[in-house]
Structures are given as structure tokens and as C-alpha cells.
Amino acid sequence: MNAAGRDPGEVLRQHLIDPEICIRCNTCEETCPLDAITHDARNYVVDPEICKACGACITPCPTGAIDNWRQVLRVNVYTTAEQLTWDTLPAPIEVAAAADDDDLPPEVARITAQASEGQGGHVPPPWSAAHPFVNLYPLSRPAVATVSGNFRLTGDDASSDIRHIVLDFGATTFPVLEGQTIGIVPPGTDAQGRPHHIRLYSVASPRDGERPRYNNVALTVKRVTEDHSGMPVRGVASNFLCDLKRGATVNVVGPFGSSFLMPNHPGASLLMICTGTGAAPMRAMTEHRRRQIAQREGGKLMLFFGARVPEELPYHGPLMKLPRDFIDINLAFSRVPGQAKQYVQDRIRARGDDVVRLLASDQCHVYVCGLKSMEEGVAQAFRDVCRRHGNDWDAMLPRLREQGRFHLETY
Ligand SMILES: Cc1cc2nc3c(=O)[nH]c(=O)nc-3n(C[C@H](O)[C@H](O)[C@H](O)COP(=O)(O)OP(=O)(O)OC[C@H]3O[C@@H](n4cnc5c(N)ncnc54)[C@H](O)[C@@H]3O)c2cc1C
Ligand code: SF4
Ligand code: SF4
């Protein structure tokens, strides 16, 4: 035992970030509940003294750079100072005492297996999802897009400024699917002189372009003017994007995401729950289905969409024009004067019978997207409506995830 009471001969599987793939988006650092992840201008690194291999950071990482593990003796553990100098990951070293997981102490084997799977495991895409392209443009070689449109979606008197921004890729190949994200590289540096980290934005247009057969992608971007506790701030990337004029150019990395994708087989149903800019992937999926309306292949679209007031609901006008037999729309507004506050979870409860009927079908695929704060309320609503019908949501959820039928993206 050393002074810290640890056995230097102990074998552990160290959690590392691949510097070649990492796009420095900061998602893992924001996600880690233990603050085990730090960065400098060069690399994102995991502190081996803090990381408990809980796996919470694995699924949110858009590139997979976070999902790297090396067996090392505790005495040889890679320090954060070492990791900060890397351009590539070190080659795996054979640790004779523990050549495979069977030889690891049971507790180490358990946590490393869990961590490799991510929180709740990796969620596969629906079986009929199209093949996504990912990581085509790394930070070292971003694609350059030209802004071909930027207009405000929220009403003039609405307090939030949410914009529909169209990026044209010209002759550059940038294939995306509904549900994927792209990374925007904001120009300039932060207060410490480091390049701004990348921010992710969901694709809001269908795979064949915002304008069909044009090489363009739409985003739904909210201008961040206050932080989550309501204090005034000027969000770096969202203000950069919202202020862009037509003709301006933007560096883009990605695309990312190989799980939050839509099914493509006849009869597949979508149960979509979103708030605010979480509407972006739902708009992309709905629009893809709308463009195929002539080939009606069955499968229900049911949408629960929340905002403070109708004026703050992106795409409210076009959404309300969609045929009722094409999509079942349920809106929830939490700040309409003179009306009781309603959240998406209230609407889910109100439509509980239909939600449970849809969930009971193997064809149903569930998508949840929006601010992190919606997660618990939506989970509780599913729990309640399932219980009312003699079902157990917590038992159903792992099966839905395994089958690529439950996808959550909150930020
Ligand atoms: C997978 C994924 C998909 C995303 N898709 C979208 C999308 O489609 N549209 C979109 O607008 N954003 C989306 N985001 C969020 C986006 O990546 C940025 O985090 C967001 O635009 C804020 O970046 P910023 O640079 O403007 O603010 P920052 O400069 O990063 O932050 C400024 C301050 O504001 C706080 N803050 C950050 N975001 C918010 C917020 N949304 N509300 C209130 N306070 C905030 C931060 O905590 C910080 O204190 C997505 C994020 C992820 C992880
Ligand atoms: S890509 Fe983003 S989330 Fe993944 S390791 Fe790098 S900084 Fe972390
Ligand atoms: S595995 Fe858990 S503790 Fe380790 S870096 Fe990721 S989120 Fe943090």
C-alpha cells in the first residue's frame, strides 16, 4: 500500500479521451457529476483520481472520443498533466496480471463494464434508420458553410429570440439525417485566451435539405441572454449565430449522432416530446414524413410541444397548418395570462389512454428533446400513465432503449 492507502499493483481500467477525435465541445465536462473532466487549450482530460467510471459522460459525447479505456497498473496511471500533452492516445499495454475482464477484481470489472456501456447503456438507432455519416469534418478541418437565411421564429413581442438559420454547404459534401447534430465553431477566444469550444445544434431540416435537393441544413437557435438561473449573460455561439447575416461564413464540424435517428419502415410511429429549441429534430422528422405524405405508409405521429406562450413556440404557424390526420398535436403553455400553467407532462397525462396505446405497439419510437429540466417531469408522466393502465414504465424503458425505440437529448 502507498501513503494514500492504495495498492500500486492494483489493475484499473483508466478512462481516457481520444485527442484525435475530440472536438472540444465541453459536453463531457458539463455532464460529469464529479468534475473529473478538465481541459486546457489543447486537450480534454479525465482525472484518474476523481473519475469513478460512472459512465454518465459516455452517451452525451457526440463523437465517441470519451469512450476509451486502458488497463493500467495504478503505479503507471496516466496523470492529467501527461494527458494534456497528447496528440494521440497511447497504445494499449498488456497488463499480465489481468489479461481480460475475468481476471479483474469483481468491483473493477463491474464499474468498467458499466462505464463502457454508458449510462443506461448505448442506445442503438431504430432498426430501420438510415446509415448516418459522423465525424466527416473534424476541428482540424471544418467544413465552411454560407448563411443563406436567418429569420426570427418567435413573435416580435416574445421575450425569447429563436431563429431559423439556413446554412448552405455549396459543393461540400455534408450529409445529415434528422436527429443528428452539427458543431459550430465560434470565432475568437474566451477570457483565458483559449479558442471558444464548439457548440452543438440539432439539424432542423430533413435529409434532402431545407429546400429539397439543395445542399443546405436548417438550425433552430435560441439566443442565450440569461443563464439557467436567470442572470444576464451573452451566450457565445448562440449570439454569434443569431447575428449572422446572409452571405456570412461559418466553420462547421460533424455531423454527429448515430442513435437519435428516425425509423424508416412502413407503419413506424413517432411519439415526440419537446420544449423550445428541442423542436428542431421533431421538425426535421415531421417534415421528412410530410414530404412523403403521398406514399402514406401508416404509422402515427403524436407531438407534445411546450413553450411559455404561443409566440415563443418555434414553427407554431406551419405546425398548425398540418393536416390533423397526419399529426396529432398537443401544445402546452406555461405562461399564458389568465390560464392555468400547463407543461408537456400535463398534456401527456391528459392523453394518457392514447399514449399508452401507442407505447404498447412495437412500432412506436419515442423522442424527447429540450432543456434538461424537462426530463424528470416527462419520466414521471410516463410512469403515471403506464401505472394507470397496469404497466410499469421503469420496466418498459430498458426494453425500449435496447430496441432503439427511446431517445433522449437534453441540454
Ligand atoms: C446535443 C445538443 C443539441 C443542441 N441543440 C440545440 C439546438 O437545436 N438549438 C439551440 O439553440 N441550442 C442547442 N443546444 C445548446 C447549444 O449547444 C448551446 O449550448 C447553446 O446555444 C448555448 O451556447 P452559447 O455559446 O450561446 O452559450 P454559452 O456561452 O455556452 O453559455 C452562457 C451561459 O448561458 C448558460 N446557458 C447555456 N445554454 C443555455 C440555454 N439553452 N438556456 C439558458 N441558459 C443557457 C450557460 O450555462 C452559461 O452560463 C444543443 C446542445 C446539445 C448538447
Ligand atoms: S467530443 Fe466533446 S464530449 Fe466528447 S470527449 Fe471531446 S469535449 Fe468531451
Ligand atoms: S465516467 Fe463518470 S466520473 Fe468518469 S469522467 Fe465520465 S461522468 Fe465523470
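Cut-offs and rules
- Residues numbered from 1 in each chain as written.
- Chains lettered and ligands numbered in written order.
- Predicted model: local features only at pLDDT ≥ 70, side-chain atom pairs only at ≥ 80, totals over all residues.
- Heavy atoms only, no water.
- Helix = DSSP H or I, 4+ residues; strand = E, 2+ residues; numbered from the N terminus.
- Rg over C-alpha atoms; globule rule 2.2 N^0.38 Å.
- Buried < 20%, exposed > 50% of the residue type's maximum accessible area, 1.4 Å probe, protein only.
- Near = heavy atom within 4 Å.
- Polar contact = N/O pair within 3.5 Å; in protein donor to acceptor, adjacent residues only side chain to side chain.
- Areas by Shrake-Rupley, 256 points an atom, 1.4 Å probe, with all protein chains shown as cover.
- Pairing = 2+ DSSP bridges.
- Axes fitted to C-alpha atoms, helices over the stretch in contact; angles between N-to-C directions.
- Arc of directions from axis to C-beta.
- Contact = heavy atoms within 4.5 Å.
- Domains from an automatic or database assignment.
- Buried area = accessible area lost by both parts, 1.4 Å probe.
- Salt bridge = Lys/Arg side-chain N within 4 Å of Asp/Glu carboxyl O.
- Nonpolar A, V, L, I, M, F, W, Y, C, P; charged D, E, K, R; others polar.

## Here's the deal with the overall build of the protein chain
The helix and strand inventory of the protein chain stands at 10 helices and 15 strands. In terms of overall dimensions, the protein chain is globule-like: its C-alpha atoms have a radius of gyration of 23 Å, near the 22 Å expected for 411 residues. Principal-axis analysis of the C-alpha atoms gives the protein chain an extent of 70 × 55 × 45 Å. Residues classed as buried in the protein chain amount to 50% of the 411 residues present.

## Some words on the site of ligand 1
Close to ligand 1 lie 21 residues; Leu200, Tyr201, Thr220, Ala237 and Ser238 are nearest. Interatomic distance of 3.0 Å between a backbone N/O atom of Val236 and an oxygen atom of ligand 1. Contact distances for ligand 1 include 2.7 Å between an oxygen atom and a backbone N or O atom of Ala237. Across the complex, the protein chains shield 79% of the 920 Å² of accessible surface that ligand 1 would expose by itself. Elements supplying a minimum of two residues to the shell around ligand 1: strand 8 (199-202), strand 9 (216-222) and helix 4 (236-242). Looking at the shell around ligand 1 element by element, the count peaks at 4 residues for strand 8.

## Remarks on the sheet that holds strand 9
Sheet strands associate in pairs through backbone hydrogen bonding, adopting either a parallel or an antiparallel arrangement. With respect to topology, 6 strands assemble into an open sheet ordered 8-7-10-5-6-9, the strand pairing being antiparallel. Two strands lie at the open edges of the sheet, namely strand 8 and strand 9, each paired on one side alone. Ignoring strand direction, the axes of neighbouring strands in this sheet form an average angle of 40 degrees. The pairing of strand 5 (residues 143-152) with strand 10 (residues 249-256) spans 4 bridges and is classified as antiparallel. Bridging from a neighbouring strand, Thr146 pairs with Thr249 of strand 10.

## Some thoughts on helix 8 (residues 352-359)
Residues separated by three or four positions in an α-helix point in the same direction, a consequence of the helix having 3.6 residues per turn. Listing the buried residues of helix 8 in full gives Gly352, Val355, Val356, Leu358 and Leu359. An end-on view of helix 8 places all buried positions within 160 degrees of arc, on one side of the element. Buried residues belonging to helix 8 abut strand 11 (269-275), strand 12 (301-307), helix 7 (344-350), strand 14 (364-370), helix 9 (374-388) and helix 10 (393-402).

## Details of helix 10
For helix 10, the full list of buried residues reads Trp393, Met396, Leu400 and Arg401. Viewed along the axis of helix 10, the buried residues span an arc of 135 degrees, placing them on a single side of the element. Of the residues that open helix 10, the one with a side-chain oxygen 3.0 Å from the backbone nitrogen of Asp394 is Asp392. Directly after helix 10, the chain includes Gly404, whose backbone phi takes a positive value near 65 degrees.

## Quick notes on the domain arrangement of the protein chain
Quoted interface sizes are often the accessible area lost when the parts come together. Here the protein chain is partitioned into domain 1 (11-117), domain 2 (143-256) and domain 3 (269-410). With 12 residues of domain 1 at the interface, the matching set in domain 2 holds 7 residues. Of the roughly 720 Å² buried between domain 1 and domain 2, counting both surfaces, carbon and sulfur atoms make up 68%. Summed over the shared surface of domain 1 and domain 2, the number is 0 salt bridges. Our count for the domain 1 to domain 2 interface comes out at 3 residue pairs in polar contact (both at pLDDT 80 or more). Residues belonging to the side of domain 1 that touches domain 2 are distributed by class as follows: 5 nonpolar, 4 polar and 3 charged.

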